[in-house]
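Topology and contacts: notes
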Amino acid sequence: MDTTPRAVTRLIEEFHRLPGIGPKTAQRLTFYLLRAPKEQAQALSEALAHLKERITTCAICANIAEENPCAICRDDGRDRSIVCIVEEPLDVLAIERTREYHGLYHVLHGAISPVEGIGPDDLKVDELLQRIKHNPGIMELVLATNPNVEGEATAMYLERLIKPLGIRMTRLARGLPMGGDLEYADEITLTRALEGRREV
Amino acid sequence: MARERLYRLEAIVLKRSDIGEADRLLTLLTPARGKLRVIAKGARKPSSRKSGHVELFTRIALLLAQGKQLDIITQADTLDTRQTLRANLDRIGYAYYLAELVDQFAAEENENLALFELLDHALTWLGDAATNPILLARFFELHLLTHVGYRPQLFVCENCGKPVEPIENYFSITTGGVLDPNCVATQREHIEGRARDAQTLSLNALKALRYLQTRSWDTVRAVRLSAATHAEIETLLYRYIAHHLERNLKSVEFLRELRQPSVMAERESR
């Protein structure tokens with residue numbers, strides 16, 4: 001007979017459903033919370049509840065946000081003539097951390113990957129086209145999809161689709177990463193780094 | 001004989017997915033061990049020494065360490081980046097299709113040098129601007145089927161074994177080859193379901209299939225097929241492949257979208 005209280009087994013099961021968490025980790029987390037101060041468990045449950053209640057998708061840029069439109073799309077200080085196209089909401093965070101970009105974003109929520117059955121219809125491509133159509137002020141699109149085959153295919157697909165509309169399209173530069181080692185760089189990265197070399 | 005803890009391998013990357021914090025799970029095609037799944041630790045970090053080398057469709061030289069379940073890449077070096085291929089969206093679409101076909105048909109831990117060479121050459125040809133990718137796809141399908149043991153019989157009737165006459169014949173997906181009109185007409189009921197799915201196969205299509213199946217790419221590359229003949233063999237091979245895989249290929253959908261300019265126009269006007 002199972003003597004573990006129902007509340008405990010239930011939490012273990014819920015943890016176990018999360019990616020990367022096995023049965024033992026689920027048990028450890030549960031028993032940690034059981035012994036932790038009440039406030040900590042409450043803070044966790046609140047955070048979880050707010051995640052689904054308060055987070056929505058911005059109707060303009062498709063980024064995750066607490067309000068609709070999101071804080072970036074509402075910010076009057078930002079350059080509305082330039083839109084940066086990224087694969088995931090996390091990419092917006094990464095670009096924002098640089099403090100170098102002051103335009104708007106568009107989040108595709110993925111990249112074209114025929115082998116996984118992800119085509120243009122599964123991404124926010126139609127939303128992007130509509131956005132361009134209704135905002136003649138957009139002068140430039142920055143293609144900031146990942147520099148791998150899927151990201152490149154997505155960028156090329158968007159280029160083919162949008163270039164005829166006469167909007168300037170740019171692609172993030174590709175080259176050597178900081179902290180990298182020249183001898184370990186692959187040929188494509190090195191070729192691009194040479195092409196994009198700068199006067200010092 | 002037990003394998004060494006560290007070993008060398010040449011491979012082509014067929015599929016790639018994210019796993020763990022910054023790792024990638026790669027599906028490779030190798031000459032000596034067939035299809036193989038390995039882990040590239042930290043390959044999603046920008047400063048990774050491997051990330052650029054373990055891209056899709058590249059041919060790479062690897063040093064692998066035996067792991068408990070999956071082996072782990074310790075060093076990677078590119079042998080062929082397929083640079084021209086990766087600069088063209090349509091060709092990327094076809095490369096995905098070839099890679100998916102191989103991923104579906106190749107067996108793990110099963111030596112298949114011919115299949116490796118076929119894929120390696122096909123990806124190189126695909127990067128050549130002079131190559132007709134549609135013709136290459138059909139050539140690849142027929143040769144792949146030969147290398148994995150599903151070669152369609154195009155020369156003798158699957159039922160009576162007589163050489164096929166140069167007239168309109170039949171093709172049966174479930175039987176795996178050509179049936180002559182005589183066998184189909186007289187024995188449709190008797191060949192235990194064999195001829196039930198038989199469909200007509202035009203003489204031109206039969207000739208094209210035979211040519212693609214038996215010649216080398218150097219001979220085939222200059223062939224021009226009429227739209228009707230191509231459509232016939234494309235549909236036939238598509239159904240033949242779907243029958244043996246018992247599923248449809250995902251990358252075909254994307255190819256269709258790329259091939260129809262109307263789809264792009266329609267999207268724009270939406």
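Residues numbered from 1 in each chain as written. Chains lettered and ligands numbered in written order. Predicted model: local features only at pLDDT ≥ 70, side-chain atom pairs only at ≥ 80, totals over all residues. Heavy atoms only, no water.

**So, helix 2 (residues 89–105) of chain B**
Residue and element names in this part refer to chain B. To be explicit about the condition: Runs of H or I in DSSP of at least four residues are treated as helices and runs of E of at least two as strands, each being numbered from the N terminus. Each helix should span, by expectation, one fewer than its residue count multiplied by 1.5 Å. The buried label applies to any residue whose accessible area, calculated with a 1.4 Å probe on protein chains only, is under 20% of its type's maximum; exposed applies above 50%, and partly exposed to all values in between. What qualifies as a polar contact is a pair of N or O atoms within 3.5 Å, subject to a donor-acceptor requirement within protein and to the restriction that residues adjacent in sequence count only when both atoms come from side chains.
Taking 1.5 Å of rise per residue, 17 residues should cover 24 Å, and helix 2 covers 25 Å from first to last C-alpha, within 8% of that figure. Burial analysis of helix 2 places 15 of its 17 residues in the buried class, the great majority of the element. The backbone nitrogen of Asp 90 lies 2.9 Å from a side-chain oxygen of the residue at the head of helix 2, namely Asn 88.

**Some thoughts on the pattern of salt bridges**
All names here are of chain B. Test applied: Just to be clear on terms, a salt bridge is a Lys or Arg side-chain nitrogen sitting within 4 Å of an Asp or Glu carboxyl oxygen.
In this structure the tally under the stated criterion is 26 salt bridges over all chains. With its nearest N and O atoms 3.6 Å apart, the salt bridge here joins Asp 18 to Arg 44. On the criterion of sequence distance, the pair formed by Asp 18 in strand 1 (residues 6–19) and Arg 44 in the loop between strand 3 (34–40) and strand 4 (59–65) is long-range, its members being 26 residues apart. What you see here is one network of salt bridges that share partners, running through Glu 10, Arg 59, Asp 80, Arg 82 and Asp 120.

**Some points on the packing of helix 3 (residues 113–126) of chain B against helix 4 (residues 133–147) of chain B**
Residues and elements named next belong to chain B. Rules: Axis definition: a line fitted to C-alpha atoms, over the contacting stretch in the case of helices. Angles run 0 to 180 degrees between N-to-C directions. When an angle is under 35 degrees it counts as roughly parallel; over 145 it counts as roughly antiparallel; between 65 and 115 it counts as roughly perpendicular; any other value is oblique. Between two residues, a contact is recorded if the distance between any of their heavy atoms is within 4.5 Å.
With their axes 10 Å apart at the nearest point, helix 3 and helix 4 run at an angle of 175° to one another. Looking at the two axes, helix 3 sits roughly antiparallel to helix 4. Residues Ala 114, Leu 115, Leu 118, Leu 119, Ala 122, Trp 125 and Leu 126 of helix 3 touch helix 4, and the partners they reach there are Pro 133, Leu 136, Phe 139, Phe 140, His 143, Leu 144 and His 147.

**Topic: the pairing of strand 3 of chain B**
Residues and elements named next belong to chain B. This is how it is decided: Pairs of strands are assigned from DSSP output, requiring at least two bridges between the strands.
With respect to burial, strand 3 is a largely interior element, six of its seven residues being buried. The sheet contact formed by strand 2 (residues 23–30) and strand 3 spans seven bridges and is antiparallel. Across the sheet, the residue bridging to Leu 25 is Ile 39, located in strand 3. With antiparallel pairing between neighbouring strands as the criterion, strand 2 and strand 3 make up a hairpin whose turn holds three residues. Pairing of strand 3 with strand 5 (residues 71–80), which is carried by two bridges, proceeds in the parallel orientation.

**Regarding the interface of chain B and chain A**
To keep things clear, this is the line we draw: For any pair of parts, buried area is found by adding up, for both, the accessible area (1.4 Å probe) each one loses once the two are put together. Three classes are used: nonpolar for Ala, Val, Leu, Ile, Met, Phe, Trp, Tyr, Cys and Pro, charged for Asp, Glu, Lys and Arg, and polar for all others, with Gly counted as polar.
On the chain A side, the residues contacting the 31 residues of chain B number 32 residues. Across the chain B/chain A interface, buried area totals approximately 3,100 Å², and carbon plus sulfur atoms make up 57% of it. The tally of links from chain B across to chain A stands at three salt bridges. The partner of A:Glu150 in a salt bridge is B:Arg16, and the shortest N-O contact between them spans 2.3 Å. At the junction of chain B and chain A, the tally comes to five residue pairs in polar contact (both at pLDDT 80 or more). Those elements giving two or more residues to the side of chain B that touches chain A turn out to be strand 1, helix 1 (83–86), helix 2, helix 9 (251–259) and helix 10 (261–269) of chain B. Taken together, the residues that form the side of chain B that touches chain A break down as ten nonpolar, nine polar and twelve charged.

**Remarks on the packing of helix 6 (residues 125–134) of chain A against helix 7 (residues 149–162) of chain A**
Residue and element names in this part refer to chain A. Rules: Each crossing gets its hand from how the near helix is turned against the far one by less than a right angle, where anticlockwise is left-handed and clockwise is right-handed.
At their nearest, the axes of helix 6 and helix 7 sit 12 Å apart, and the two run at 35° to each other. When you trace helix 6 past helix 7, the crossing you get is right-handed. In this structure, helix 6 contributes Val 125, Leu 128, Leu 129 and Ile 132 to the contact, and helix 7 contributes Tyr 157, Leu 158, Leu 161 and Ile 162. The class makeup of the residues in the contact of helix 6 with helix 7 is eight nonpolar, no polar and no charged.

**Concerning the sheet that holds strand 6 (residues 169–172) of chain B**
Strand pairs in the sheet, formed through backbone hydrogen bonds, run parallel or antiparallel to each other. All names here are of chain B. The three strands are arranged 7-6-8 in an open sheet whose pairing can be described as antiparallel. One side of each edge strand has no neighbouring strand; the edge strands of this open sheet are strand 7 (177–179) and strand 8 (199–201). Between one strand and the next, the sheet's axes are offset by a mean angle of 50°, whatever the strand orientation. As defined by bridge partners, strand 6 adjoins strand 7 across three bridges and the pair is classed as antiparallel. Paired with Ser 172 across the strands is Gly 177, a residue of strand 7. Lying on the sheet, helix 6 (residues 203–214) is in contact with strand 6, strand 7 and strand 8; it crosses strand 8 at an angle near 70°. Taken strand by strand, helix 8 (residues 227–245) contacts strand 6 and strand 8, and its axis lies near 135° from that of strand 8.

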